Amino acid sequence: MSVDAVLSALAREEPQSIARLVEWLRIPSVSTDPAYRDQVRRAAQWCADQLKASGLTVSLKETGNVTGGVGSGHPIVLGHCPGSPDYRGPHVLFYGHYDVQPPDPLELWESPPFEPLIHKDGRERIVARGAVDDKGQVMMFLEALRAWKAVTGRVGGGAKFTVMIEGEEESSSVNLKRFIQDNKPTLGECGVCVISDTGMLSPTQPAITYGVRGLAYTEVTLHAAN
């Protein structure tokens, strides 16, 4: 199946795709503030529903200490599609996150952070918390899955995917290491990891980042004379 057919489908569906992104951006999934806990879960379920609509097998995985079926941390959206019998490529792990940073200070916003505003003053763009970190990037992947399924009739276009969308990236991913260890047999089957939480050179210059090194935190204490 030609990639051009999928790109054409994406172009035709663009207004609906933007509407879906706006709907997701309206959910204030601030992972650092306990007051937004229910909204964070709501954003996770929204993402899971989109993956299910594209044919993936999806579940919300609880994190942290689980009591009564609900974890103390925010859930991880985990999805799978097995790939077509003729698929010979790698098993791809797609990682992203659905939580967003706190919008404070609110007085610096020109429009409410969770009421997405589409600007068309020369360069069309969506202004909202999470539009570029990371719901916007993840949405590109979700819409690609939707288009490949619609055009080819095959989940993931026939590729073999594991999808892991986290809900605590903006709060230091405190439960991610434990989750990876607990799910090592499943995640260990993946041969390559794709992340869409990187930057562009400019609004007209997209970029492919082919390697990331993570972050290193250092605390330095200096002792000197009074």
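Residues numbered from 1 in each chain as written. Predicted model: local features only at pLDDT ≥ 70, side-chain atom pairs only at ≥ 80, totals over all residues. Heavy atoms only, no water.

Moving on, we get to the sheet that holds strand 8 (residues 161-166). Spatially, 1-4-8-5-9 is the arrangement adopted by the five strands of the open sheet, whose pairing is mixed. At either margin of the open sheet sits one strand with a lone partner, and together these are strand 1 (57-61) and strand 9 (192-195). On average, each strand axis in the sheet is tilted by 20° relative to the strand beside it, whichever way the strands run. By the bridge criterion, five bridges tie strand 1 to strand 4 (residues 76-81) in an arrangement that is antiparallel. If you follow leucine 60 over to strand 4, its bridge partner there is valine 77. Relative to strand 1, helix 3 (residues 37-53) is tilted by about 165°, and along the sheet it contacts strand 1, strand 4 and strand 8. On the sheet, helix 4 (residues 135-152) packs against strand 5 (92-97) and strand 8 and is oriented at approximately 140° with respect to strand 5. (Pairing = 2+ DSSP bridges. Helix = DSSP H or I, 4+ residues; strand = E, 2+ residues; numbered from the N terminus. Axes fitted to C-alpha atoms, helices over the stretch in contact; angles between N-to-C directions. Contact = heavy atoms within 4.5 Å.)

Here we take up the packing of aromatic side chains. Taken as a whole and judged by the stated rule, the model has three aromatic pairs. Geometrically, the ring pair formed by tryptophan 24 and tryptophan 46 is stacked, given 5.0 Å between the ring centres and 15° between the ring planes. Of this pair, tryptophan 24 sits in helix 2 (residues 14-25) while tryptophan 46 sits in helix 3, and the two are 22 residues apart along the sequence. Pairing phenylalanine 94 with phenylalanine 141 gives two aromatic rings, centres 3.7 Å apart and planes at 5°, and the pair type is stacked. Residue phenylalanine 94 is located in strand 5, and its partner phenylalanine 141 is located in helix 4; the two are separated by 47 residues in the primary sequence. Each of the two residues, phenylalanine 94 as well as phenylalanine 141, counts as buried. (Phe/Tyr/Trp six-rings, centres within 6.5 Å; stacked < 30°, edge-to-face > 60°. Buried < 20%, exposed > 50% of the residue type's maximum accessible area, 1.4 Å probe, protein only.)

To continue, consider unusual backbone geometry. With an omega of 0°, the peptide bond between aspartate 104 and proline 105 qualifies as cis. Here the amide bond leading from aspartate 133 into aspartate 134 is cis, since omega sits at 10°, within 30 degrees of zero. Along the chain, aspartate 134 turns up in the loop between strand 7 (125-127) and helix 4. Positive phi, normally seen in glycine, also occurs at serine 172, with a value near 75°.

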